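Remarks on the overall topology
Each chain is listed here by its residues.
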Amino acid sequence: MYKNIMLKISGESLAGSNEQGFDFDILNDLSNSIKKLQSKKLKISIVLGGGNFIRGSSFSNGVVDRVTSDYMGMLGTVINSLALQSNLKKLGVESRVMTAISINRVAEPYIKNKASNHLEKNRVVIFASGTGNPYFTTDTTAVLRALELDCDVLLKGTKVDGIYDKDPEKFSKVKKFTKLDYNYVINNKLRIMDMTSIIMAEEANLPIIIFSIKKKNELKKVIDKETEYTIISN
């Protein structure tokens, strides 16, 4: 069983069927699942995307430059992180939001040793604002933080329950992969995560599990190996 996990949730997944903002049923289910995992004494780190508010790479359109739009996207991840922290607090789960950019009024600055101390004290740690640098995605952030904190696995929650040969939301006849190696993902340019994050994970032999955040209680089922998902590993 995994003991030290990194959870990556895309902002779009938090929005559910909404174009922007939150699907509060998804947020509540995620929070309850985290509480159940925390009771198992797992170390839980989380990186949230900001795409339910703004995606920097697509917002840059000649009016707002790419660097500025990426920083705006980082602020979207802070909004999501604070929302999750607030919901966890309501459930009695102690957590900390740590940011790579300075927002001292609402979150702690990211310091690796301090994050490790929080995890040792059974606190959930939520990493916001990506790496703090433009041009780097929250997928890359999740892998980077997972490696810094010696996580056993990276769990990525998306709208679908794994990797398919075609988009299951567009096609009826699809094939689901239960296991893939990093090279297959890279060579076939599968866009489940950005290539930088996949290459980093491969070099460190960090397994990545793709599962559905839309299914109720799915996170706990993934940890307990009671559901289907796709794992990327050697």
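What this report covers is the structure whose coordinates are included nearby. Residue indices begin from 1 for each chain and proceed along its sequence in written order. Local features in this predicted model are restricted to residues of pLDDT 70 or higher, and side-chain atom pairs are both shown and tallied only at a pLDDT of 80 or more, whereas totals for entire chains, interfaces and linings draw on every residue. Processing note: side-chain calculations cover all non-hydrogen atoms of the structure and skip hydrogens and water entirely.

1. Comments concerning the overall build of the protein
- Numbering of helices and strands runs from the N terminus, with a helix taken as a DSSP run of H or I at least four residues long and a strand as a DSSP run of E at least two residues long. Along its length, the protein carries nine helices and eleven strands.
- With the radius of gyration taken over C-alpha atoms, the globule rule is written as 2.2 Å times the number of residues to the power 0.38. The C-alpha radius of gyration of the protein comes to 17 Å, within 12% of the 17 Å expected for a compact globule of 234 residues.
- Overall size of the protein, expressed as C-alpha extent along the three principal axes, is 50 × 50 × 35 Å.
- Remark: exposure states derive from per-residue accessible area (1.4 Å probe, protein chains only) relative to the maximum for the residue type, with buried under 20%, exposed over 50%, and partly exposed in between. Evaluated residue by residue, the protein yields a buried proportion of 52% over its 234 residues.
- Whether two residues touch is decided by their heavy atoms; if any such pair falls within 4.5 Å, the residues are in contact. For the protein, restricting intrachain contacts to residue pairs at least 6 apart in sequence, the fraction spanning at least 24 positions comes to 72%.
- Residue-level accessible areas treat just the shown protein chains as cover; the underlying method is Shrake-Rupley with a 1.4 Å probe. Accessible surface computed for the protein: about 11300 Å², of which carbon and sulfur atoms make up 49%.
- Neither His nor the chain ends contribute to the count of charged residues, in which Lys and Arg are positive and Asp and Glu negative. Charge coordinates come from a single atom per side chain, which is NZ of Lys, CZ of Arg, CG of Asp or CD of Glu. Taken together, the 34 basic and 26 acidic charged side chains of the protein have centroids lying 4 Å from each other.

2. A closer look at the nonpolar core
- The criterion is simple. A nonpolar core is a set of buried Ala, Val, Leu, Ile, Met, Phe, Trp, Tyr and Cys residues joined through side-chain atoms within 4.5 Å. Counting residues in each nonpolar core, the largest one holds 34 residues, and the members touching the most others are L7, L30, I34, I46, L84 and L155.
- Listed by contribution, the elements that provide at least two residues to this core are β1 (4-9), α2 (24-38), β2 (43-48), α4 (66-90), β5 (124-128), β6 (153-158), β10 (208-212) and α9 (218-223).
- If you tally residues by element for this core, the top one is α2, at five residues.
- Residues within four places of L7 in sequence aside, it is in contact with L30, I34, S45, I46, V47, L155, F211 and L219.
- Within the second largest apolar cluster, 29 residues are counted, among which are L190, L206, I208 and I210.

3. With respect to the pairing of strand β3 (residues 95-99)
- Counting buried positions along β3 yields four of five residues, so the element is predominantly enclosed.
- DSSP-based pairing: two strands are paired if at least 2 bridges between them are found. Sheet topology note: the β3/β5 ladder contains five bridges and is parallel. Bridge assignment links T99 to a residue of β5, and that residue is A128.
- Here β3 runs beside strand β4 (residues 108-109); their pairing, made up of two bridges, is parallel. Across the sheet, the residue bridging to T99 is P109, located in β4.

4. Re the environment of S95
- Here S95 shows up in strand β3.
- When its relative accessible area of 6% is taken as the criterion, S95 is described as buried.
- As a C-alpha pair, S95 and K179 span 84 residues in sequence and 32 Å in three-dimensional space.
- The contacts of S95, once residues within four sequence positions are left out, are Q85, L88, V124 and I126.

5. What about the packing of α2 against α4?
- Axes, fitted as lines to C-alpha atoms, cover a helix only where it is in contact. Angles between the N-to-C directions of the axes lie from 0 to 180 degrees. Contact geometry for α2 and α4: axes closest at 9 Å, N-to-C directions at 60°. Relative to α4, the element α2 is oriented oblique. The crossing of α2 and α4 is right-handed. The segment α2 lies against α4, with L27, N28, L30, S31 and I34 engaging A83, L84, N87, L88 and K90. Any angle that falls under 35 degrees is termed roughly parallel, while one over 145 is termed roughly antiparallel, one within 65 to 115 roughly perpendicular, and all others oblique. Handedness of each helix crossing follows the sense of rotation of the near helix against the far helix: counterclockwise by less than a right angle gives left-handed, clockwise gives right-handed.

6. Focus: the packing of aromatic side chains
- Within 6.5 Å between ring centres, the rings of Phe, Tyr and Trp (the latter by its six-membered ring) count as paired, and their orientation is classed by plane angle as stacked under 30 degrees, edge-to-face over 60, tilted in between. Using the criterion set out here, one finds four aromatic pairs in the structure.
- Aromatic pair F22 and F53: ring centres 5.6 Å apart, planes at 75°, arrangement edge-to-face. One end of the pair, F22, is in the loop between α1 (11-15) and α2; the other, F53, is in the loop between β2 and α3 (56-59), and 31 residues separate them in sequence.
- Judged by its relative accessible area of 16%, F22 falls in the buried class.
- Ring pairing ties together the aromatic residues F22, F24 and F53, which thus form one cluster.
- Its end group placed over the ring of Y110, R145 keeps NZ or CZ at 3.9 Å from the ring centre.
- Only when the NZ atom of a Lys or the CZ atom of an Arg is both within 6 Å of the ring centre and within 35 degrees of the ring normal do we say a charge sits over the ring. Lying across the ring of F171, K166 places its NZ or CZ 5.5 Å from the centre.

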